[in-house]
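# Architecture at a glance
Next come the chains, spelled out residue by residue.
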Amino acid sequence: MNRQSNRNELLEHINQVSFAVDEAKLYLDTHPCDPEALAYFREYSQERDRALKEYARIYGPLTVDTAGEACTDRWNWINEPWPWQEGGC
């Protein structure tokens, strides 16, 4: 498997866990005391955070939240293709 397919798989994983987090947030808006939903939200939020940090470490930050981890020696936020450029998200 090449670097681009690994990158695409990681992006797909980030999309999936982000969707799960967003759906859980919507559900919790109307069911704020559901312990199973809260546990689900925490689990997928942590997985999303891990995946975003892994992506930032390998390919550069996807979100400004993870720019700090990827920018240890210089500001790398601008090195990645923008979403509207070829190779962007």
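Read on for a plain summary of the structure. Please read these numbers as outputs of a predicted model, since none were measured by experiment. (Residues numbered from 1 in each chain as written. Predicted model: local features only at pLDDT ≥ 70, side-chain atom pairs only at ≥ 80, totals over all residues. Heavy atoms only, no water.)

### What about the overall build of the chain?
Within the chain, the secondary structure is distributed over three helices and zero strands. When the helices and strands of the chain are listed from N to C terminus, the series reads α-α-α. The 89 residues of the chain split such that 27% are buried. A separation threshold of at least 6 residues defines the contact pool for the chain, and within that pool the share at least 24 residues apart is 41%. Total accessible area on the chain is roughly 6400 Å²; 52% of this is exposed by carbon and sulfur atoms. (Helix = DSSP H or I, 4+ residues; strand = E, 2+ residues; numbered from the N terminus. Buried < 20%, exposed > 50% of the residue type's maximum accessible area, 1.4 Å probe, protein only. Contact = heavy atoms within 4.5 Å. Areas by Shrake-Rupley, 256 points an atom, 1.4 Å probe, with all protein chains shown as cover.)

### Comments concerning the packing of aromatic side chains
Scanning the entire structure with this criterion turns up two aromatic pairs. Ring centres of Tyr40 and Tyr44 lie 4.5 Å apart, and the angle between their planes is 40 degrees; this geometry places the pair in the tilted category. Here Tyr40 pairs with Tyr44, and both are found in helix α2 (residues 35–59), just four residues apart, close to one helical turn. Of the residues examined, Tyr40 reaches a relative accessible area of 37% and is grouped as partly exposed. (Phe/Tyr/Trp six-rings, centres within 6.5 Å; stacked < 30°, edge-to-face > 60°.)

### Topic: the side chain of Arg7
Within the secondary structure layout, Arg7 lies in helix α1 (residues 3–30). According to the relative accessible area criterion, Arg7 is buried, its value standing at 14%.

### Some details on the nonpolar core
Counting seven residues, the largest nonpolar core consists of Leu10, Leu11, Ile14, Ala51, Leu52, Tyr55 and Tyr59. For this core, the elements supplying multiple residues, two or more each, are α1 and α2. The greatest single-element share of this core, amounting to four residues, is contributed by α2. (Core = buried A, V, L, I, M, F, W, Y, C linked by side-chain atoms within 4.5 Å.)

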